[in-house]
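Architecture at a glance
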Amino acid sequence: MKKEIADYEVRPGVVPNGEKTVVQIIPRGRHARFDDRIHRLSWGEKATPHQFRQEMFEPDKEALYKIYFLPMQQSPAPKPLTTCESVTVKPKEDGSLEFAYTFRGEQEYKLVIIDTKNQEQELIRLSIYSLFPDLYGRRVYRGDFHVHSYYSDGREDPIIVAANYRKRGFDFMALTDHYKMFPSKLLVEAYKDIPTDLAIFIGEEVHVPYPVYIHAVNFGGTSSVNEYYEDHRKECEAEIAAMAEKLEAPKDVDPLQLAQRIWVAQQIKKTGGMAILVHPHWISNAYNMPDDVTDYLFEHQVYDAFELLGGHSVHENNMQTAFYNEQRAMGRKIPIAASSDSHSTEPEEYFTWSSTLVFSQGKSFEELTGAVKDLYSVAVESNPGEEYRVYGPYRLVKYARYLMEQYFPVYDELCREQGRLMKEAALKDETAVEMLKMIQGRADAFGSRFFGK
């Protein structure tokens, strides 16, 4: 964790554009107090045996700091820091700083803190983000729409999978085993009476009709499309054939194959689920879906969202992001998601490599899916040993990167213990249940402080 967020909490970390906001800078530890005398001592002074006189522990009433507001988007280099607006503040009794300021524009600001009583030295640079009204008030929720367990080709019991997701800072997930929905229902039932802040949703990966190797995710549907097809195969195939006859398919595109993919999306929506088009550039002998088919589905907005990152390979994700960017350049609005397609969390197999950040009012099904459909989501790629990358609309990518640096390191630390205890509670440890009751809401409380809501 970076020194800046380890030593200080900026409350709030997000502010509304154009409104005067009271901001607190809270020290985390005596060494970070703004009225502390000891941190100003030289090494020679600290090496003196008799340095710890009582007055050294008294607050420094002469301490005075100047805070410069450096707007990252509107400060072309090399603009002198002294040309930025500033305030001068004295520490409060608890060693914190407090000021009021009107932040302008949608951008990150650096709070450059100068110790005026110590030769005008720069003490530290902290960060805060100003947002326009449509984005301010939305929280960020990290999730995975596409996850497997040992009920299909994954490795673990769903209860272990869910606990490990919370342990790694996820706010929501859906278990989407191949061909079946019942494992996700078992998972929701398993955690029904266990205190947790992880939102767990029902889901399935849909692979019908046969023999075409179709992949789609049913996120949050109330019933299984796989089961419906198996139980009503003749009727379903007749519907698809009738649809294919009426379709004006692009040249060289099989109308039946296109109709099958449209039918799957329609059935997912009938169950109340969000239909997600997944990994068209996954290679199983050839690409999973012809580009002309993907193009048609995007043009006609057949699916609710596109799984921009699928978790399997850099090649696959590179192809899909390039295709997405080209589609966006054509003026098409494409809601996006990113999913790990995880098959194991211990050891990791795709787990956490791809995730979605949703900017939403809350983490109910309606709020999350509504935000995705309204284009308030980004895809995050975190391949092992590499720097993370964020994809989506520029303003959201810019904001998401701020959150990845300033918000999630602290939030993830708060989630870690809850995830560990979830696993023990699901394995029938009653003491873990009691401990979960005690810590429930701690991570959410930090989120409320950070987002000012």
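Look above for the structure.
It should be emphasised that the depicted structure is a prediction, and the values quoted were computed from it without experimental measurement.

Calculation notes
Residues numbered from 1 in each chain as written. Predicted model: local features only at pLDDT ≥ 70, side-chain atom pairs only at ≥ 80, totals over all residues. Heavy atoms only, no water. Helix = DSSP H or I, 4+ residues; strand = E, 2+ residues; numbered from the N terminus. Buried < 20%, exposed > 50% of the residue type's maximum accessible area, 1.4 Å probe, protein only. Contact = heavy atoms within 4.5 Å. Areas by Shrake-Rupley, 256 points an atom, 1.4 Å probe, with all protein chains shown as cover. Expected span 1.5 Å × (residues − 1). Polar contact = N/O pair within 3.5 Å; in protein donor to acceptor, adjacent residues only side chain to side chain. Pairing = 2+ DSSP bridges. 1 Å grid on protein atoms, 1.4 Å probe; cavity = no way out; pocket = protein on both sides within 12 Å on 5 of 7 lines; lining within 4 Å. Points joined across faces, edges and corners; volume = space filled by probe spheres on them. Nonpolar A, V, L, I, M, F, W, Y, C, P; charged D, E, K, R; others polar. Salt bridge = Lys/Arg side-chain N within 4 Å of Asp/Glu carboxyl O.

With that settled, consider the overall build of the protein. Regarding its fold elements, the protein presents 14 helices and 23 strands. Burial statistics for the protein: of 453 residues in total, 55% are counted as buried. Contacts in the protein between residues far apart in sequence, at least 24 positions, make up 67% of those at least 6 positions apart. Counting every atom, the protein has about 20400 Å² of accessible surface; 51% of that belongs to carbon and sulfur.

A few words on helix H7 (residues 255-270). Here H7 spans 22 Å end to end across 16 residues, near enough to the 22 Å set by a 1.5 Å rise per residue. Every buried residue of H7 is accounted for by Gln257, Leu258, Ala259, Gln260, Arg261, Ile262, Trp263, Val264, Ala265, Gln267 and Ile268. Measuring from the side-chain oxygen of the N-cap residue of H7 to the backbone nitrogen of Leu256 gives 3.0 Å; that N-cap residue is Asp254. Just downstream of H7, Gly272 is the residue with a positive phi angle, here 90°.

This part covers the pairing of strand E4 (residues 65-71). Burial runs high along E4: six of the seven residues are buried. Looking at chain direction, E4 and strand E7 (residues 107-115) are connected through seven bridges and run antiparallel. In the strand pairing of E7, Tyr65 is matched with Asp115.

Below, the discussion takes up the side chain of Gln327. Structurally, Gln327 can be placed in helix H9 (residues 314-329). A polar side-chain atom of Gln327 sits 2.9 Å from a polar atom in the side chain of Asp295. Filtering out sequence-adjacent residues up to four positions away, Gln327 remains in contact with Asp295, Phe298, Arg332 and Ile334.

The subject of this paragraph is the layout of surface pockets. Unfilled space is identified by rolling a water-sized probe across the atoms. Roughly 540 Å³ of volume is contained in the largest pocket. Considering the residues around the largest pocket, the lining is formed by 19 residues, among which Arg142, Arg168, Ser382, Met404 and Asp412 are closest to the centre. Of all the secondary structure elements, the ones that give two or more residues to the lining of the largest pocket are helix H11 (394-406) and helix H12 (408-426). Among the elements that line the lining of the largest pocket, the one with the most residues is H12, at four residues. Broken down by class, the residue content of the lining of the largest pocket amounts to seven nonpolar, five polar and seven charged. By volume, the second largest pocket is sized at about 200 Å³. Taken together, 14 residues make up the lining of the second largest pocket; nearest its centre are Gln301, Tyr303, Asp304, Lys333 and Pro335. Elements with a contribution of two residues or more to the lining of the second largest pocket: helix H8 (291-299) and strand E17 (305-309). When its residues are assigned to classes, the lining of the second largest pocket shows ten nonpolar, one polar and three charged.

So, on to empty space enclosed by the protein. Using the criterion set out here, one finds four cavities of 30 Å³ or more in the structure. In this model, the largest cavity occupies a volume close to 150 Å³. The set of elements that each furnish at least two residues to the lining of the largest cavity consists of helix H1 (3-7), strand E1 (8-11), strand E8 (121-131), H11 and helix H14 (442-451). A total of three residues in the lining of the largest cavity trace back to one element, the largest contributor, which is E1. Residue composition of the lining of the largest cavity, by class: eight nonpolar, three polar and three charged.

In a structure, side chains of opposite charge can pair up when their charged atoms sit close to one another. Applying the stated criterion across every chain yields a total of 26 salt bridges. With a shortest N-O distance of 3.0 Å, Glu98 and Lys92 are connected by a salt bridge. Salt-bridge contacts for Asp412 lead to Arg142; the nearest nitrogen and oxygen are separated by 3.0 Å. Separated by 270 residues along the polypeptide, Asp412 in helix H12 and Arg142 in strand E9 (residues 139-147) bring together distant segments of the chain. Classification of Asp412 as buried rests on a relative accessible area of 15%. Each of Glu9, Arg11 and Arg449 takes part in a single network of salt bridges with overlapping partners.

A word on unusual backbone geometry. Look at the link from Arg11 to Pro12: it is a cis peptide, with omega at -10°. Positionally, Pro12 belongs in the loop between E1 and strand E2 (14-16). Not every positive phi belongs to a glycine, and Thr352 is a case in point at roughly 70°. In this structure, Leu375 takes a positive phi of about 75° despite not being glycine. Along the chain, Leu375 falls in the loop between helix H10 (365-373) and strand E22 (377-381).

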